[in-house]
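Chain by chain, the residues run as shown.
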Amino acid sequence: MTREYHYSWTYDLQSTPEALWPLASDTNRFNRDTGLPPIQLIGIENKVRRVKFKIPLIRVEWDEEPFEWIYPHHFGVIRRYRTGPLQEMRVDCRLERLEPSGTRLHYKVWVISKNFIGDLAIPVVIGFASAKLFEKAFRQYDRIVFRGGSVFTVVLLEHVPGTVN
């Protein structure tokens, strides 16, 4: 029996949505910075990407709908899983301008389990562990941008131990 889980996190950040956008919307970087293994593109059919990665003991493969991007305020995606303990995941990220400055970032995840393993893993992996990793990544992006850095600064810093992540 499948079950749906919903998680929602909100972070008040110092930087503007425009300044945060290049880092926050780079989902490949975000996945890496939050500990996911590299993904492998299997193919594209009717604009839907088939993607996979391997985590210990489990090969996860999914179909990913095209991302919705609205610069600099919103992005989201739906993933329908072919293998692994999940059936579906939807991600929605919104960057709301705060006055006089800053951003309120809303990050929401809806996940449907496929089986008992999903029901055990989702609250621990997404509800607990990912929650901490998501906050760490977004706050790190905010510190970089607020101090005058950019996505280019991050690329340079990635090769200096202890500066990113």
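Residues numbered from 1 in each chain as written. Predicted model: local features only at pLDDT ≥ 70, side-chain atom pairs only at ≥ 80, totals over all residues. Heavy atoms only, no water.

Caption draft 1: Molecular detail of the side chain of T27. Topologically, T27 is positioned in helix α2 (residues 27–33). For T27, a relative accessible area of 15% corresponds to the buried category. Among residues more than four places away in sequence, those in contact with T27 are F67, W69 and F75. (Helix = DSSP H or I, 4+ residues; strand = E, 2+ residues; numbered from the N terminus. Buried < 20%, exposed > 50% of the residue type's maximum accessible area, 1.4 Å probe, protein only. Contact = heavy atoms within 4.5 Å.)

Caption draft 2: Up close: the pairing of strand β8 (residues 103–113). Within β8, 8 of the 11 residues are buried, which leaves the element mostly enclosed by the surrounding structure. With 10 bridges connecting them, strand β1 (residues 4–13) and β8 associate as antiparallel partners. Across the sheet, residue W9 finds its bridge partner in β8, namely Y107. Connecting strand β7 (residues 86–97) to the next strand, β8, in antiparallel fashion are 5 residues, including G102 with a positive phi near 110°. (Pairing = 2+ DSSP bridges.)

Caption draft 3: Just the packing of helix α1 (residues 17–24) against helix α3 (residues 116–146), in detail. One can describe the packing of α1 onto α3 by two numbers: an axis separation of 10 Å at closest approach and a directional angle of 125°. When the axis of α1 is compared with that of α3, the two are oblique. Considering how the two elements wind past one another, α1 and α3 form a crossing that is right-handed. Only F138, Y141, D142, I144 and V145 of α3 make contact with α1, whose side of the interface consists of A19, L20, L23 and A24. Across the contact of α1 with α3, the residue classes tally to 8 nonpolar, no polar and 1 charged. (Axes fitted to C-alpha atoms, helices over the stretch in contact; angles between N-to-C directions. Parallel < 35°, antiparallel > 145°, perpendicular 65-115°, else oblique. Left-handed = near helix turned anticlockwise from the far one by under 90°. Nonpolar A, V, L, I, M, F, W, Y, C, P; charged D, E, K, R; others polar.)

Caption draft 4: Layout of the side chain of N31. With respect to the secondary-structure elements, N31 resides in helix α2. Residues contacting N31, with those up to four places away along its chain left out, are L36 and R79.

Caption draft 5: Up close: the nonpolar core. W9, L105, Y107, V109 and F138 are the most contacted members of the largest nonpolar core, which totals 36 residues. Breaking this core down by element, the ones donating at least two residues are β1, α1, β3 (48–55), β4 (58–64), β6 (74–83), β7, β8 and α3. The element that contributes the greatest number of residues to this core is α3, accounting for 9 residues. Not counting chain neighbours up to four residues away, the residues in contact with F138 comprise Y11, L13, A24, F30, L105 and Y107. (Core = buried A, V, L, I, M, F, W, Y, C linked by side-chain atoms within 4.5 Å.)

Caption draft 6: Quick peek at the packing of aromatic side chains. By the definition in use, this model includes 17 aromatic pairs. With a centroid separation of 4.8 Å and an interplanar angle of 25°, the aromatic rings of F30 and F138 are classed as stacked. With F30 in helix α2 and F138 in helix α3, the pair connects residues that are 108 residues apart, well separated along the chain. Each member of the pair, F30 as well as F138, is classed as buried. Over the aromatic face of W110 sits the side chain of R90, whose NZ or CZ is 3.7 Å from the ring centroid. (Phe/Tyr/Trp six-rings, centres within 6.5 Å; stacked < 30°, edge-to-face > 60°. Lys NZ or Arg CZ within 6 Å of the ring centre and 35° of its normal.)

Caption draft 7: How the structure looks around the pattern of salt bridges. Going through the model one piece at a time under the given rule, you end up with 14 salt bridges. Put simply, D26 and R29 hold a salt bridge, and the shortest N to O gap is 3.5 Å. The class for D26 is partly exposed, based on a relative accessible area of 24%. For R29, a relative accessible area of 8% puts it in the buried group. Here R79 and E64 are joined by a salt bridge, their closest N and O atoms 2.5 Å apart. Pair noted here: R79 is in strand β6 and E64 is in strand β4, with a separation of 15 residues, a long-range link. Each of the two residues, R79 as well as E64, counts as buried. Beyond isolated ion pairs, a larger network of salt bridges with shared partners links R50, R59, E61, D63 and R82. (Salt bridge = Lys/Arg side-chain N within 4 Å of Asp/Glu carboxyl O.)

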